[in-house]
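Take a look at the letters that make up each chain.
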Amino acid sequence: MISWFSAKEAKEFGLQLAEFVVAQMPTELAAKKDKTFKKRIKILQQLEQKIHNFRLEHRLNIYKKAQFGNVFKWHLLEQGFDKDVVEELTNIVMKEIGK
């Protein structure tokens, strides 16, 4: 039962994904949706692949998924990403982690 609440790996993965986004999609790039569409698609595909690989090795319950999403979202907000962009990215990764 205690392992059900152990979300350390999920939180670490959420932080790793957020750091990946920060490195690959600086805040200026994230805000320019029209001019950087291809680059954004490539980054999203890489995110989906990373999530898929993580899901193969880890089973996440609803609590762990929530912790993952929370860490991902707040790290991007702390890095100065636009709230709408963060919401969009968080929705995408949460849908992918929930598959």
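This structure is a prediction, so every number in the text was calculated from the model and none was measured.

Enquirer: I'd love a proper account of the confidence of the model for the protein, names of residues and values included.
Expert: The pLDDT averaged across the protein works out to 87; a share of 85% of its residues lies at or above 70. Mean pLDDT across the secondary structure elements of the protein bottoms out at helix α2 (residues 27–31), with 64, and peaks at helix α4 (residues 62–78), with 95.

Enquirer: Outline the nonpolar core, listing residues and values.
Expert: Here is a general trend for soluble globular proteins: nonpolar side chains tend to be buried in one another's company. With 22 residues, the main nonpolar core has V21, F72, L76 and L89 as its most contacted residues. Of all the elements in the fold, those that place two or more residues in this core are α1 (8–24), α3 (37–57), α4 and α5 (83–97). At six residues, α1 tops the list of elements feeding residues into this core. Residues contacting L89, with those up to four places away along its chain left out, are V21, M25, L44, F72 and L76.

What counts, and where the lines are drawn
Residues numbered from 1 in each chain as written. Predicted model: local features only at pLDDT ≥ 70, side-chain atom pairs only at ≥ 80, totals over all residues. Heavy atoms only, no water. pLDDT = per-residue confidence, 0-100. Helix = DSSP H or I, 4+ residues; strand = E, 2+ residues; numbered from the N terminus. Core = buried A, V, L, I, M, F, W, Y, C linked by side-chain atoms within 4.5 Å. Buried < 20%, exposed > 50% of the residue type's maximum accessible area, 1.4 Å probe, protein only. Contact = heavy atoms within 4.5 Å.

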